[in-house]
Amino acid sequence: MVLVGSHGEKGGLNDESETVVDFRGNPVDKSKTGGWLAAGLILGSELSERIIVMGISMNLVTYLVGDLHISAAKSATIVTNFMGALNLLGLLGGFLADAKLGRYYTVAVSASITALGVILLTLATTIPSMTPPPCDDYRRQHHECIEVNGRQLALLYAALYTTALGGGGIKSNVSGFGSDQFDVTDPKEEKAMIFFFNRFYFGISIGSLFSVIVMVYIQDNVGRGWGYGISAGTMVIAVAVLLCGTPWYRFKKPQGSPLTVIWRVLFLALKKRNQSYPSHASLLNDYENRKVPYTQRYKCLDKAAILDDICAANTNNNNPWVVSTVTQVEEVKMVLKLLPIWSTCILFWTIYSQMTTFTVEQATIMHRKVGSFIIPAGSFSAFLIITILLFTSLNEKVFVPLARKITHNVQGITSLQRIGIGLILSVVAMVGAAIVEKERREIAVQKEVKISAFWLLVQFFLVGAGEAFAYVGQLEFFIREAPDRMKSMSTGLFLSTISMGFFVSSLLVSIVDHVTKKSWFRSNLNKGKLNNFYWLLAVLGFLNFLVFLIFASRHQYKTQLPIKPGSGEKELKSLNDEMIEEDKQRKASIRSVGNTEP
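Now for a look at the structure at hand.

About the cut-offs
Residues numbered from 1 in each chain as written. Predicted model: local features only at pLDDT ≥ 70, side-chain atom pairs only at ≥ 80, totals over all residues. Heavy atoms only, no water. Helix = DSSP H or I, 4+ residues; strand = E, 2+ residues; numbered from the N terminus. Buried < 20%, exposed > 50% of the residue type's maximum accessible area, 1.4 Å probe, protein only. Contact = heavy atoms within 4.5 Å. Areas by Shrake-Rupley, 256 points an atom, 1.4 Å probe, with all protein chains shown as cover. Expected span 1.5 Å × (residues − 1). Phe/Tyr/Trp six-rings, centres within 6.5 Å; stacked < 30°, edge-to-face > 60°. Axes fitted to C-alpha atoms, helices over the stretch in contact; angles between N-to-C directions. Parallel < 35°, antiparallel > 145°, perpendicular 65-115°, else oblique. Left-handed = near helix turned anticlockwise from the far one by under 90°. Nonpolar A, V, L, I, M, F, W, Y, C, P; charged D, E, K, R; others polar. Core = buried A, V, L, I, M, F, W, Y, C linked by side-chain atoms within 4.5 Å. Salt bridge = Lys/Arg side-chain N within 4 Å of Asp/Glu carboxyl O. Patch = residues over 30% accessible without salt bridge, like charges linked within 9 Å, V, L, I, M, F, W, Y side chains within 5 Å. 1 Å grid on protein atoms, 1.4 Å probe; cavity = no way out; pocket = protein on both sides within 12 Å on 5 of 7 lines; lining within 4 Å. Points joined across faces, edges and corners; volume = space filled by probe spheres on them. Disulfide = S-S within 2.5 Å.

What follows covers the overall build of the protein. The helix and strand tally for the protein stands at 18 helices and four strands. A total of 598 residues make up the protein; the buried ones form 52% of that total. Across the protein, the fraction of contacts at a sequence separation of at least 24, relative to all contacts at a separation of at least 6, is 82%. Per element, the accessible surface of the protein, about 27,700 Å² overall, is 63% carbon and sulfur.

So, in structure tokens, the structure goes:
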């Protein structure tokens, strides 16, 4: 029997907290657990989640405007709030998995909650009493349709946010749980894990394409109940498959959430804010055992590692709620360094959110016939996904190798450069969207002619290309720059930028709708000025890009301690022996003073 230790660290079997176990809690047998079988069973949950979420987000606005008679602005806000909540709740799912439940239980519970949410959504869209009376074209043009009331919306909101709660838990944990099925200390399994991530992304892309093409068509032409009901069925099957695979999984015990470490450091720094800094940084707690270089930036946080009288009275300085270590303080500083870049990534997702709301609304009143077949408005989002896949492939096979030859840099295109390209493309996309919408409205009003919906491919193509750069760039940036012991923070920061982007979109729509007295956003887009909103986003996006350039030019990439383990440690000791000895003497004197206190 071959046992597997910690993923990512050799000798993991010697550390009980890092041991990988089977469902009975015993060290796992590599020949009977993990690998592609286990990972494949886990992927079903993410595939179903993509089918559900894309099916909702890319076509919900047509239901809200067309069937529930909600205004265009309010409909867009409902969709973006749903997507924002889903990504924000991903942080909660990640925290619960890291702190207490573990990834398996979090994914299983989240998938069950998602299935419940979509079942509720099926009921909300099929029960006649949950929708207002139908409205003909004449009444719709004169804004005489009866809008859905609060009681009818209650079930819809409950369904959407139940789905968001479950979807967030799946999104933040399923890829990590899948990667747990491979032991990176084994070269063969490490190679398999790389292919797992490739196939993971391919799988969710296929699920997204299936959803916007097949499920959206069913929703529009067969019935919303059938569309959402089939989606609910896929998740029920995915939960059953996930549970049936339990004996083949490898489980890692929860190690605690990095959010707890961040909170403790901030709390202790605030608590000790009135204390004086030590004469030298070496007097801070556990300075000589630090895992990352000490920095002067955000020095106020150093106070969390000050050995005060309470610490002196307690000879054990391992209580994290009494004093932090220098390593913990520096890791929190590294997270704070990411926030300026994080803040400039938000607006990209605000622009991206328009592809799920107003762009779909535009498609509903444009010419969508190909021969005798009418393409559902929500299905045009397939071009967005296809563009993302195309440029993701081109990045790795064309752009990056070419950039390596030009720059002689192993990365080819740095993560910040990728983000910058994505931001520029999103600005150009909004310029193109504004021009297309202005022409569409003028032709529709003056000539009473519907132009082809394929003109929307301009914004789909540019935003999709932008996402191929920005998505990879942001994820790579947060993974590389986050502390080694806080890698789950990278997913959290990434999800939070997406979440904030959708919420900012909701806020912008509400503010603009109020300031313009509802003249920009109308249920009948021919009477609105949607192109002005696109121009506004283009201007904001350009200003945001300028701010990004400033932050990117000032960003200092993460550095490692210059001395490596082994012979390097001996060199470090020989160079700093006197200073370390002096540090110990000073700390001993502090403790002795503390012990004399009454």
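Moving on from the model shown.
As for its position among the elements, R441 is in helix α14 (residues 415-446). Look at R441 and you get buried, because its relative accessible area is 16%. Along the chain, R441 and I451 lie ten residues apart, while their C-alpha atoms are 9.3 Å from each other. Beyond its immediate chain neighbours, meaning those up to four positions away, R441 contacts L525, N526, G528, K529 and N531.

Here helix α1 (residues 35-57) spans 33 Å end to end across 23 residues, near enough to the 33 Å set by a 1.5 Å rise per residue. Among the 23 residues of α1, 18 are classified as buried, and the element is accordingly described as predominantly covered.

Looking now at the packing of aromatic side chains. As enumerated under the stated definition, the model contains 28 aromatic pairs in all. Seen in terms of ring centroids, Y352 and F502 are 6.5 Å apart; in terms of plane orientation they differ by 90 degrees. Their pairing is edge-to-face. Of this pair, Y352 sits in helix α11 (residues 326-353) while F502 sits in helix α16 (residues 488-515); the two residues are 150 residues apart in sequence, bridging distant segments of the chain. For F502, a relative accessible area of 1% translates into the label buried. Ring plane angle 80 degrees and centroid distance 4.8 Å describe the contact between Y471 and F494, whose orientation is recorded as edge-to-face.

Let us now look at the packing of helix α3 (residues 72-101) against helix α6 (residues 150-179). Where α3 meets α6, the axes come as close as 6 Å, and the angle between the chain directions of the two elements is 40 degrees. With respect to α6, the axis of α3 lies oblique. Two packed elements cross with a definite hand, and for α3 against α6 that hand is right-handed. Each residue belonging to the contact of α3 with α6 can be placed in one class, and the counts come to 13 nonpolar, eleven polar and two charged.

So, on to the nonpolar core. One finds L64, Y249, F358, F521 and F533 to be the most contacted residues of the largest nonpolar core, which totals 121 residues. With residues up to four places along the chain from it excluded, the contact list for F358 reads A72, A76, V509, F521, L530, F533 and Y534. Residues L284, A304, A305 and I306 belong to the second largest nonpolar core, which totals 16 residues.

This part takes up unusual backbone geometry. A positive phi angle, near 60 degrees, is found at H69, a position not held by glycine. A positive phi is found at E448, a non-glycine position, where the angle reads about 50 degrees. Here E448 is to be found in the loop between α14 and α15 (457-481). You can call E448 exposed: its relative accessible area is 71%.

Next up on the list: the environment of A281. Within the secondary structure layout, A281 lies in the loop between α9 (258-271) and α10 (309-313). Note: C-alpha distance between A281 and I306 (25 residues apart in sequence) is 9.4 Å. Once residues within four sequence positions are removed from consideration, A281 is found in contact with Y287 and Y294.

All right, on to the pattern of salt bridges then. A full pass over the atoms with the stated rule returns 13 salt bridges. In this structure, R50 and E46 form a salt bridge, with 3.9 Å as the shortest nitrogen-oxygen distance. With R50 and E46 both in helix α1, this residue pair falls four residues apart, about one helical turn. Notably, a salt bridge pairs E49 with R50, separated by 3.1 Å at the nearest N-O pair. Like R50, E49 is buried. Salt bridges sharing common partners tie together E46, E49, R50 and K171.

Bringing a nonpolar patch on the surface into the picture now. On the surface, a cluster of nonpolar side chains totalling about 590 Å² of accessible area is made up of L92, F95, L96, L101, Y105, L165 and L259. Here the nonpolar patch gets four residues from one element, more than from any other, and that element is α3. With respect to the helices and strands, L165 occurs in helix α6.

Turning to empty space enclosed by the protein, a few remarks are in order. Scanning the entire structure with this criterion turns up one cavity of 30 Å³ or more. Put simply, the largest cavity is a space of about 40 Å³. In this structure, the largest cavity is lined by Y63, L68, A124, M130, V148, Q152, L153 and L156. No other element matches α6, which puts three residues into the lining of the largest cavity. Each residue belonging to the lining of the largest cavity can be placed in one class, and the counts come to seven nonpolar, one polar and no charged.

Okay, the state of the cysteines next. By the definition in use, this model includes one disulfide. Across the disulfide from C135 sits C145; the S-S distance is 1.9 Å. One quick way to see it: the torsion about the S-S bond of C135 and C145 is about -75 degrees, and its sign makes the bridge left-handed. Here C135, found in the loop between α4 (103-126) and α5 (137-141), pairs with C145, found in the loop between α5 and α6; they are ten residues apart in sequence, far enough to count as distant.

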